[in-house]
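Residue-level listing of the chains:
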Amino acid sequence: MCASVKYNIRGPALIPRMKTKHRIYYITLFSIVLLGLIATGMFQFWPHSIESSNDWNVEKRSIRDVPVVRLPADSPIPERGDLSCRMHTCFDVYRCGFNPKNKIKVYIYALKKYVDDFGVSVSNTISREYNELLMAISDSDYYTDDINRACLFVPSIDVLNQNTLRIKETAQAMAQLSRWDRGTNHLLFNMLPGGPPDYNTALDVPRDRALLAGGGFSTWTYRQGYDVSIPVYSPLSAEVDLPEKGPGPRQYFLLSSQVGLHPEYREDLEALQVKHGESVLVLDKCTNLSEGVLSVRKRCHKHQVFDYPQVLQEATFCVVLRGARLGQAVLSDVLQAGCVPVVIADSYILPFSEVLDWKRASVVVPEEKMSDVYSILQSIPQRQIEEMQRQARWFWEAYFQSIKAIALATLQIINDRIYPYAAISYEEWNDPPAVKWGSVSNPLFLPLIPPQSQGFTAIVLTYDRVESLFRVITEVSKVPSLSKLLVVWNNQNKNPPEDSLWPKIRVPLKVVRTAENKLSNRFFPYDEIETEAVLAIDDDIIMLTSDELQFGYEYFNYLYTYKMPGDIKNWVDAHMNCEDIAMNFLVANVTGKAVIKVTPRKKFKCPECTAIDGLSLDQTHMVERSECINKFASVFGTMPLKVVEHRADPVLYKDDFPEKLKSFPNIGSL
Amino acid sequence: MQSWRRRKSLWLALSASWLLLVLLGGFSLLRLALPPRPRPGASQGWPRWLDAELLQSFSQPGELPEDAVSPPQAPHGGSCNWESCFDTSKCRGDGLKVFVYPAVGTISETHRRILASIEGSRFYTFSPAGACLLLLLSLDAQTGECSSMPLQWNRGRNHLVLRLHPAPCPRTFQLGQAMVAEASPTVDSFRPGFDVALPFLPEAHPLRGGAPGQLRQHSPQPGVALLALEEERGGWRTADTGSSACPWDGRCEQDPGPGQTQRQETLPNATFCLISGHRPEAASRFLQALQVLAALQEMSPARVLALRQQTQFLWDAYFSSVEKVIHTTLEVIQDRIFGTSAHPSLLWNSPPGALLALSTFSTSPQDFPFYYLQQGSRPEGRFSALIWVGPPGQPPLKLIQAVAGSQHCAQILVLWSNERPLPSRWPETAVPLTVIDGHRKVSDRFYPYSTIRTDAILSLDARSSLSTSEVDFAFLVWQSFPERMVGFLTSSHFWDEAHGGWGYTAERTNEFSMVLTTAAFYHRYYHTLFTHSLPKALRTLADEAPTCVDVLMNFIVAAVTKLPPIKAPGGPGPRPKPPAPAPDCINQIAAAFGHMPLLSSRLRLDPVLFKDPVSVQRKKYRSLEKP
């Protein structure tokens, strides 16, 4: 009550003195200030995440606003393309010296609009595809905005289609680029070269030493190892979504879908159709389409209308014939449909042929053999056709699908030339993912009998059972092929015995001390291992008679430490068990082969071990080992181990034959 | 008074907040309104154009396609490519047929032997009219015998000029459209896809066979020099890993002087050798500039191992003898003619190489016994039994029953190869039985019959005796080693000091190098290899001395796999001793191969519990242990 009274006294004391107008004025003022403060606060603290993303950083401008550059009529023109250019003569690799990680750095010149003395523009400023292409390069790891550290320069002058530009003026525009220097280390992209009437197979713009990534090179214009042959991008790829169709027989054996073919070629194709009937389909432009139907997406045979490019999926082989230009966008459509292209274009350099193996995805037929195409194709076995269909689709997905794919493949090819030792292998370029995963490339692929002279290195892993260890050493040293003995001393708390206490043996003996007691230490690739064959044994084994040997390879030791998926190594070290199973998994996984069991031995005698001491004896041990197998199989993703029913024995093993004539009579005697 | 003070503080608060608002808000408003200045150092990519959607495509529909014009012609009169200068119409039929111009006048011994080697090869044809390729050997200038223009020259069309050694004769005629195969061609004269580049061969290169690679240890060794540089006057200098490489600023001026350098005349023991073509003095500069060392140091041991093995494979498959170099050249040209049925890249680049993996057999790597791993496939689980019935010609009823009882048997083929008439009745079997009437020739046994539908063949002689479980187990072993022969009876070769030649023994010893094909599993590809790749002389030899055929087959398989065959337990117990082959047979074959490919093995692959002291109930192949 009292408070309200107070309020009543105080409140009216302030407010009534102001006019109602003022009151509203103040309240509005306050709320504006408050809102403003809140908004600013939000702006200050909220948008940080947006700011750091790329969008915020990239210029948002209109193409109409790009700076205009006037080219005087007498500004210099580069020399014509130098046909003798090769990487070692026309390319300056020293500019790539700043690039770390075996990756070239690419600089893109800023976009400008070039006009001549009369203000008439030299070309379309930029096409949609070239914009995409430059964006793809800019988003890739190759990009740098530091012109001084770049190895490759890409002008933003769009020369994808020669028909949309003025040749002389475009060349002048190139020549005045800041780092042009006769075009050294400059890369131009062109998909539609030449112009009527004679259609040159390479860009006519004089470009001196610049590299050309061109669609439609012929053997006459292509500078092997210098230029890059690229596909002619098909804009349909972006518009049409053709789901992948598995390989196998299709309705038509051979299909031709191109329009505007030379009449001679069309006659030849139609003759094929007459001869082979239903299995050959020759399509042409539609003449009687109703208004509003996109003629690009339709093809006709007589009065039958087909959807393009869907119809390509109905054919096993699709003809890709030379037009006025050698490179045809239809090649891309055909690959997308998983149809095997039959390329009939003499002297055409197929896209990316420097790295792609087109024999696996296409059939190239000389023009003069066009009438024999059908019989040539029929001689290809079905299995090979299916592989080609799969390969065709894979090429499209990897290298044709988008402008980005084309741009990155081009840069990768140039990158591979500059860093050949870090280049992508044939298999990586050409094998579809299914093959890459399914196949095993054995690291020891060369058939080889280990040289007798070299012998093997024995590795004994030990903790502290010195007496047993010495017995093992003495026994192993009797083996004639032994060339070195390596003792891995796995006990950090105890020093190995004095030198004088070790048994005297005829081969070098070396003790390696480890930093931690790990079973994985057995498979470390010690520098001391000089032979290729390695015998790994435990110290608790009174060795086999000296005839009995078990070989692994030093290489697998290397793999065990460096290539073994991380989980497994830790698991082994934690459980003090199963390192041998892990090794088996690894060997099976990298070689794709089963291990070989040698000699009939199943148990190793171990006089010193008690049930607790010898790891491999009790029941829980076996349970744990089954667990290991499950765990390893899940880490490797598959079960690489293979089951075999054989074992290697000496030729005359347990044969009814005089013992003294046998080579290894002691096997199995213990 | 109080109200005034209150109002004052109110105004103060208001103006302060206004100030704050203007400062903060204005700043952010300013940032919104103006295009952001790129911060120095931040990467600024290609701009996202506001009107990118409105950009036009580079090719407008309707612009393409154009009217086709006549094919472009070669702009340079002299230059050639495959399509324009080689006429493939003469090359129909089975593979490349080559005619070699006979030598005129006196020729060197090497020349004569090379000619003989080509004439004995599968490419040779004796008529120039039937040949698809005409080969002109341009060998040695020392003898002064420069070849003159040959008769069928025809501007060099379909000709191959083979220059094994440099310093060729002065050109007496224009090469024109002839292909040139020579060592170190220059970039200017070499026509890619048309000419063939050869390795540079020393004068004393072996004609045939050739020594295998010299690399003794494939895995990288610690402590061996990383790089050896070729120097002037043929010396070598080794650069070690410890040497500091200069920064890659283009032209490195100071001499980094690779760590320890030592000069030596012989090929050094180093992991990599740097060979710099014509200018050895450029090598050290090259080393400085390109930081070769740094790049090599980064290379993982696994990659070094792979590269080292590949060098050995390439040397052995294509370089080690003059004959291999010539055959490789012809194979390259044949691949161009074949087009789609040429060797896939895998066959060229992995063992045993394109000379031994015939593309006429198949172009699909899965059909060969060598590439199952790379293809991620396995040999199929069935085999075909091919039973050869020679004289005296008793139908092998018992054997047929035993083989047909195997769960892996897909079909039985009986090759009737004797004078007696074919029996009209054959036993009923669970699998199809086909009888082939042979030509009474021993080499028929290894003919690639189209009726053989499985990868594995069990080759049998009518007189051999096998049990079903022996067959089953041996087949399982073959599946693990599909490129090798798995047999039951063995024999070995040995060097006979007394006679200065190879000897043959079928005695039971601790080693063996051959399995008898009277009972052996192998891949059907070896039939194709036997029939189509062997020189005719060798097949004739086998027909004339039938017991030689075993040796020959073992030679082929060993030459391809570089591994010994495998012995499985079993085979006839008290067996009749197989007739020993003619004593000279093994020497004649070894001479034709140019080397001795056979390797000895001390292994026999037994079932896992074979003859172990465990209960018989646990053993899968019990009957194998019966004496």
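How each quantity is defined
Residues numbered from 1 in each chain as written. Chains lettered and ligands numbered in written order. Predicted model: local features only at pLDDT ≥ 70, side-chain atom pairs only at ≥ 80, totals over all residues. Heavy atoms only, no water. Pairing = 2+ DSSP bridges. Helix = DSSP H or I, 4+ residues; strand = E, 2+ residues; numbered from the N terminus. Contact = heavy atoms within 4.5 Å. Axes fitted to C-alpha atoms, helices over the stretch in contact; angles between N-to-C directions. Disulfide = S-S within 2.5 Å. Buried < 20%, exposed > 50% of the residue type's maximum accessible area, 1.4 Å probe, protein only. Polar contact = N/O pair within 3.5 Å; in protein donor to acceptor, adjacent residues only side chain to side chain. pLDDT = per-residue confidence, 0-100.

What about the sheet that holds strand E15 (residues 363-364) of chain A?
Residue and element names in this part refer to chain A. Taken in spatial order, the five strands make up an open sheet running E10-E9-E13-E14-E15, and their pairing is parallel. Each edge of the sheet is formed by a strand with only one pairing partner; in this case those strands are strand E10 (280-282) and E15. In this structure, strand E9 (residues 252-256) lies alongside strand E13 (residues 315-321), joined through four bridges in parallel fashion. Across the sheet, serine 256 pairs through a bridge with valine 319, a residue of E13. On the sheet, helix H9 (residues 263-276) packs against E9, E10 and E13 and is oriented at approximately 145° with respect to E10. Here helix H12 (residues 382-400) sits on the sheet in contact with E13, strand E14 (340-344) and E15, set at roughly 90° to E14.

Examining the state of the cysteines
All names here are of chain A. Using the criterion set out here, one finds six disulfides over all chains in the structure. Each disulfide pairs two cysteine sulfurs, and for cysteine 286 the partner residue is cysteine 300, the sulfurs being separated by 2.0 Å. Disulfide cysteine 286-cysteine 300: the torsion about the S-S bond is 100°, which places it as right-handed. Taken together, the positions of cysteine 286 in the loop between E10 and strand E11 (298-301) and cysteine 300 in strand E11 put the pair 14 residues apart, joining distant regions of the chain. Here the two residues cysteine 286 and cysteine 300 agree in accessibility, since each one is buried.

Some thoughts on the side chain of histidine 301 of chain A
All names here are of chain A. With respect to the helices and strands, histidine 301 occurs in strand E11. By relative accessible area, histidine 301 is classed as buried at 17%. Looking at histidine 301, its side chain comes within polar contact range of the side chain of glutamine 273, at 3.4 Å. At 3.2 Å, the side chain of histidine 301 and the backbone oxygen of valine 282 are in polar contact. Not counting residues up to four positions away in its chain, the partners in contact with histidine 301 are Gln273, Leu281, Val282, Leu283 and Phe306.

Some thoughts on the confidence of the model for chain A
Residues and elements named next belong to chain A. When the pLDDT values of chain A are averaged, the result is 77; 70% of them are 70 or greater. Low pLDDT, under 50, characterises residues 541-576; the predicted model gives this stretch 126 contacts beyond four residues in sequence or across chains. Residue range residues 600-617 is modelled with pLDDT below 50. Its contacts to residues more than four positions away, or to other chains, number 33 contacts.

Looking at the confidence of the model for chain B
Residues and elements named next belong to chain B. Looking at chain B, the pLDDT average stands at 78 and 78% of residues meet or exceed 70. Predicted confidence in chain B is weakest over helix H4 (residues 282-290), with a mean pLDDT of 53, and strongest over strand E19 (residues 519-523), with 95. Within the model, pLDDT remains below 50 along residues 35-42, and this stretch shows five contacts once partners closer than five positions in the same chain are excluded. Overall, residues 72-77 carries pLDDT values under 50, and its contacts beyond four positions in sequence, including any with other chains, amount to five contacts. Listed scores for the predicted complex are pTM 0.77 and ipTM 0.73.

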